[in-house]
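The chain contents come next:
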Amino acid sequence: MREKIVAGNWKMNTNWPEAKELVSGILSQENRISCSLIIFPPYTYLQKISDLLSNSKVKVGAQNCSEHEKGAFTGEVSSSMLKSIGMSHCLIGHSERREYFNESDEQLLLKIKNCLNNNITPIFCCGEKLAERENNSHFEVIKNQVSKVLFQLNEDDFKKIIIAYEPVWAIGTGKTATAEQAQEIHHYIRTLIKEKYSEDISNQISILYGGSCKPSNAKELFAQADIDGGLIGGASLIANDFIQIAESF
Ligand code: 13P
C-alpha cells in the first residue's frame, strides 16, 4: 500500500497570527484524518509551528532549501538547518522556483541529495506549461524533468522520494486537470519508474497531484489508480478546505 498524503504548500502567504489560526484549525480536526498530512509554511514560522504540532501527527516541511551544505550564501537555508528544527519534508523544484528563480536540474539534484543526507524526504515537483501541453510535448517534458534529476539517484535513494505532478497551467488558475488527464500522467511517471528501476519500486512511490485541487474535485482525483493524494496551494490556506480534501480518499 502506498502512503496517501495531503500536503499544503502555503507559498508566501499568511502573517504569524494567520498562520497560528490556520494551524489551530487543522489541529482541531486532524483526528478525523487517516492519510498523512504535511504542511509547508514559510521559513519564518517553521520552528514555532513545529512546536505547536509536537503532539500532532501533522508533519511540517520547508518549501525550499539551498543546494549548498553551509557557508557564505547570504539568505539561504540549508537542509541540515531544517533537519535540526525537526523538518521531515522539503519541496524541491516547484514550478515557481524553476520559473522565477531559474532553478536548474543540476541544482535540484544537489538539493535532493542534501535533503537525503539529512534524512529529509524530498517532494519533487514536475509539470508542463500550457504551451507544452498544447503542442503535445507534455510527456516529453515530464520525462526530461524526471530523468535529469530523479533518475540520477541510485535505487535506495530513489525509493525515499515523493513525486508531485503539478501542471503549471493548473496552478492557481482554478483550471484543474481532469481526473483522466492527471491519471494519464501519473501512470506515465509510474511507467518511467518501472522502466528505470523496477515494477516493485514503481508501485511504492507516492505520486501527488497539484494544481487547483479543492474539496469539490479532490474525490474524483484521488479515486484514480495512480494518484496518491495532493499537493494543495490556495485551498490549504483554509483549514476546513484542507481537511475536507484530506477526507476525500
Ligand atoms: P493551487 O492549489 O493554488 O493551484 O497551487 C498548487 C501548487 O502549486 C501546490 O504546490
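Above this note sits the structure.
The following refers to the structure shown. Model, not experiment: these values are computed from the prediction.

### Re the overall build of the chain
- Helix and strand content of the chain: twelve helices and eight strands.
- Taken against the 2.2 N^0.38 rule, which gives 18 Å for 249 residues, the C-alpha radius of gyration of the chain at 17 Å falls within 12% of a compact globule.
- Along the longest, intermediate and shortest principal axes, the C-alpha atoms of the chain span 45 × 45 × 35 Å.
- Relative to its full complement of 249 residues, the chain shows a buried share of 53%.
- A fraction of 71% describes how many contacts in the chain between residues 6 or more apart in sequence connect residues 24 or more apart.
- Taken as a whole, the chain presents about 11,400 Å² of accessible surface, with 48% of it coming from carbon and sulfur.
- Where the 26 positive side-chain charges of the chain centre and where its 31 negative ones centre are 3 Å apart.

### Topic: the packing of aromatic side chains
- One pass over the full model with this rule turns up seven aromatic pairs.
- Arranged with centres 5.6 Å apart and planes meeting at 80 degrees, the rings of Phe 151 and Tyr 197 form a pair that is edge-to-face. Taken together, the residues span a long stretch of sequence, with Phe 151 in the loop between α7 (138-148) and α8 (155-158) and Tyr 197 in the loop between α9 (179-196) and α10 (199-202) at a distance of 46 residues.
- For Phe 151, a relative accessible area of 10% puts it in the buried group.
- A network of ring pairs unites the aromatic residues Phe 151, Phe 158 and Tyr 197 as a single cluster.
- Sitting above the plane of the Phe 101 ring, Arg 97 keeps its charged end 4.0 Å from the centroid.
- Looking at Lys 196, its charged tip hangs above the ring of Tyr 197, at a distance of 5.9 Å from the centre.

### Some details on the pairing of strand β1 (residues 5-9)
- Most of β1 sits out of view: five of its five residues are buried.
- Where β1 and strand β2 (residues 36-40) come together, five bridges link them in parallel fashion. Among the inter-strand pairings, Gly 8 is bridged to a residue of β2, identified as Ile 39.
- As for the winding sense of the linkage, the β-α-β connection from β1 through helix α1 (residues 16-27) to β2 is right-handed.
- Direction of pairing for β1 relative to strand β8 (residues 229-232): parallel, over a ladder of four bridges.

### Quick word on the pattern of salt bridges
- Summed over the entire model, instances satisfying the criterion amount to 13 salt bridges.
- When the shortest N-O distance is used, the salt bridge between Glu 99 and Lys 129 registers 3.2 Å. Pair noted here: Glu 99 is in helix α4 (residues 95-100) and Lys 129 is in the loop between β5 (121-126) and α6 (130-134), with a separation of 30 residues, a long-range link.
- Relative accessible area serves as the criterion here: at 43%, Glu 99 is assigned to the partly exposed category.

### Structural notes on the environment of Gln 145
- Assignment of secondary structure puts Gln 145 in helix α7.
- Take Gln 145: its relative accessible area is 12%, and that puts it in the buried class.
- Taking the C-alpha atoms as reference points, Gln 145 and Gly 233, separated by 88 residues in sequence, lie 21 Å from one another.
- Residue contacts for Gln 145: discarding those within four places in its chain leaves Arg 98, Phe 124, Cys 126 and Gly 127.
- Looking at Gln 145, its side chain comes within polar contact range of the main-chain nitrogen of Gly 127, at 2.8 Å.

About the cut-offs
Residues numbered from 1 in each chain as written. Predicted model: local features only at pLDDT ≥ 70, side-chain atom pairs only at ≥ 80, totals over all residues. Heavy atoms only, no water. Helix = DSSP H or I, 4+ residues; strand = E, 2+ residues; numbered from the N terminus. Rg over C-alpha atoms; globule rule 2.2 N^0.38 Å. Buried < 20%, exposed > 50% of the residue type's maximum accessible area, 1.4 Å probe, protein only. Contact = heavy atoms within 4.5 Å. Areas by Shrake-Rupley, 256 points an atom, 1.4 Å probe, with all protein chains shown as cover. Lys, Arg positive; Asp, Glu negative; His and termini not counted. Charge placed at Lys NZ, Arg CZ, Asp CG, Glu CD. Phe/Tyr/Trp six-rings, centres within 6.5 Å; stacked < 30°, edge-to-face > 60°. Lys NZ or Arg CZ within 6 Å of the ring centre and 35° of its normal. Pairing = 2+ DSSP bridges. Right-handed = clockwise from strand over helix to strand, strands pointing away. Salt bridge = Lys/Arg side-chain N within 4 Å of Asp/Glu carboxyl O. Polar contact = N/O pair within 3.5 Å; in protein donor to acceptor, adjacent residues only side chain to side chain.

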